[in-house]
Amino acid sequence: MTSGSILRSVVTGVGGYLPEKVVTNADLEKIVDTNDAWIVERTGIRRRHWAEEGQFTSDLAVEAAGKALAAAGRSAADVDLIIVATTTPDLTFPATAAIVQRKLGCPIGVAFDVQAVCSGFVYALSVADGFVARGMSKCALVIGAETMSRLMDWTDRGTCVLFGDGAGAVVLEPAAGQGTTADRGLLGFALRADGTKQDLLYVDGGPSSTGTVGKLRMQGNHVFKHAVINIAEAVEGAAAAAGVAVADVDWFIPHQANQRILAGVAHRLGVSEDKVVSTIAEHANTSAASIPLALAKAVEDGRVRPGQLLLMEAMGGGLTWGACVLRF
Ligand code: UT7
């Protein structure tokens, strides 16, 4: 590092993984009172992927992480920090991150989970930035991985059609920057939580309360009303923290909950929907996995290129929400 320069956490590799099993809206018509037209019109979702029996969140995470490491030109042996954002861990403990460490064959290092539901990936990036930009990690894996299908109540058509399974991962490595917005890496965050809104979106079980896993419960229309306002505010907060203008962002990589939320946020920010990466039709809502999955897709198809300014944002159970600015 030259004098006056700072360490930045730079994304050097991205990878996504979706389980093979595809479930269409027509497939769901056979198990719950719903129809393709309603799902497409109200959410934009056309299909989702489900993990097979015996395929766990850690398995999806390992696949995504392997692709991210390959893209970064790194191997499992290089990894010294693993953070998994998930609300569907394999077990109550150990952390899914520790299971991923074992399955990947990474050396002894740091491994833990972050639980902020759909905002988990943005939260996890901020935690990882705390390690990487302080020189405490040379090669970090930040993974969003979920098997949301395991939390569904198959009699509740208001929720069970919305979610899917998958994983996305990034490799973060330190690099010297000049402390300007031209630097590659994570440039700014805005993270929020409002625990008074728990009843709008939660799982009705847990180890210390019911002793069961529980099922996802949501007052969707109430969550919807908060989503657009909260996300837009967080986007502006992250842009301000990074010192960039929202108008300068090349690509918005949002959490994929509903196409109407993506459109509403874009409209509120005065941003063209052409700049918003949407995977909702194919992936549905994969909670903490949806942002890195969308990023992986946009990198793979050549839309997102090195040096571009990205804005990732999410809102979910908690309520939690947040946004972050990354120069890719
Ligand atoms: O990722 C975490 C954050 N989550 C979100 O951001 C989700 C936010 N919420 C939403 O995306 C939307 O509120 C939903 C997609 C969940 C629901 O859309 P909505 O336009 O708010 O519908 P609604 O819940 O107000 O329900 C409208 C109607 C109801 O029928 P009535 O009472 O008007 O006769 C529902 O029973 O749609 C009915 N409905 C369905 N119909 C067919 C609800 N779910 C279904 C379904 N198929 N799957």
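Calculation rules
- Residues numbered from 1 in each chain as written.
- Predicted model: local features only at pLDDT ≥ 70, side-chain atom pairs only at ≥ 80, totals over all residues.
- Heavy atoms only, no water.
- Phe/Tyr/Trp six-rings, centres within 6.5 Å; stacked < 30°, edge-to-face > 60°.
- Helix = DSSP H or I, 4+ residues; strand = E, 2+ residues; numbered from the N terminus.
- Buried < 20%, exposed > 50% of the residue type's maximum accessible area, 1.4 Å probe, protein only.
- Lys NZ or Arg CZ within 6 Å of the ring centre and 35° of its normal.
- Near = heavy atom within 4 Å.
- Polar contact = N/O pair within 3.5 Å; in protein donor to acceptor, adjacent residues only side chain to side chain.
- Areas by Shrake-Rupley, 256 points an atom, 1.4 Å probe, with all protein chains shown as cover.
- Nonpolar A, V, L, I, M, F, W, Y, C, P; charged D, E, K, R; others polar.
- Axes fitted to C-alpha atoms, helices over the stretch in contact; angles between N-to-C directions.
- Parallel < 35°, antiparallel > 145°, perpendicular 65-115°, else oblique.
- Left-handed = near helix turned anticlockwise from the far one by under 90°.
- Contact = heavy atoms within 4.5 Å.
- Domains from an automatic or database assignment.
- Buried area = accessible area lost by both parts, 1.4 Å probe.
- Salt bridge = Lys/Arg side-chain N within 4 Å of Asp/Glu carboxyl O.

A. Summary view of the packing of aromatic side chains. In total, this model carries 2 aromatic pairs according to the counting rule given. Seen from their ring centres, Trp-50 and Trp-154 are 5.0 Å apart, and the 55° between their planes marks the pair as tilted. One end of the pair, Trp-50, is in strand E3 (residues 47–50); the other, Trp-154, is in the loop between strand E6 (140–147) and helix H6 (157–160), with 104 residues separating them in the sequence. The exposure class of Trp-154 is partly exposed, given its relative accessible area of 30%. In this arrangement the basic side chain of Arg-303 is found over the ring face of Trp-251, its NZ or CZ atom lying 5.8 Å from the centre.

B. View of the site of the ligand. Contacts to the ligand come from 23 residues, most closely from Thr-34, Arg-42, His-255, Asn-258 and Asn-285. Within the contact set of the ligand, a nitrogen atom lies 2.7 Å away from a side-chain nitrogen or oxygen of Thr-34. Backbone polar atom of Arg-157 to a nitrogen atom of the ligand: 2.8 Å apart, as the coordinates give it. Coverage of the ligand by the protein chains reaches 72% of its 950 Å² of free accessible surface. Residue assignment for the shell around the ligand shows that the elements contributing at least two residues are helix H2 (36–43), H6, helix H7 (220–242), helix H8 (259–269) and strand E12 (309–316). With 4 residues, H7 is the single largest residue contributor to the shell around the ligand. A breakdown of the residues in the shell around the ligand according to their chemical character gives 11 nonpolar, 9 polar and 3 charged.

C. Region of interest: the packing of H7 against H8. Put simply, H7 and H8 touch, their axes get as near as 9 Å, and they point 45° apart. Comparing their axes, H8 and H7 come out oblique. The two elements H7 and H8 cross, and the hand of that crossing is right-handed. Contact residues: Phe-224, Ala-227, Val-228, Ile-229, Ile-231, Ala-232, Val-235 and Glu-236 in H7; Arg-260, Ile-261, Gly-264, Val-265, Arg-268 and Leu-269 in H8. Classifying every residue of the contact of H7 with H8 gives 10 nonpolar, 1 polar and 3 charged.

D. Main features of the domain arrangement of the protein. Segmentation of the protein into domains returns domain 1 (6–177) and domain 2 (185–327). For domain 1 and domain 2, the distance between their C-alpha centroids amounts to 14 Å. Domain 1 puts 53 residues into the contact, and the matching count from domain 2 is 46 residues. Of the roughly 3700 Å² buried between domain 1 and domain 2, counting both surfaces, carbon and sulfur atoms make up 66%. Linking domain 1 with domain 2 are 2 salt bridges. In this structure, Asp-153 engages Arg-217 in a salt bridge whose closest nitrogen and oxygen atoms are separated by 2.8 Å. Applying the counting rule to domain 1 against domain 2 returns 17 residue pairs in polar contact (both at pLDDT 80 or more). Secondary structure elements with two or more residues in the side of domain 1 that touches domain 2: strand E1 (6–17), H2, E3, helix H5 (120–132), E6, H6 and strand E7 (165–177). Sorting elements by how many residues they give to the side of domain 1 that touches domain 2 places E1 first, with 8 residues.

E. Layout of helix H10 (residues 290–300). H10 sits mainly inside the fold: 8 of its 11 residues count as buried. Considered for burial, the residues of H10 that qualify are Ser-290, Ile-291, Pro-292, Leu-293, Ala-294, Leu-295, Ala-296 and Ala-298. Gly-302, located one to two residues past H10, shows a positive phi value of around 85°.

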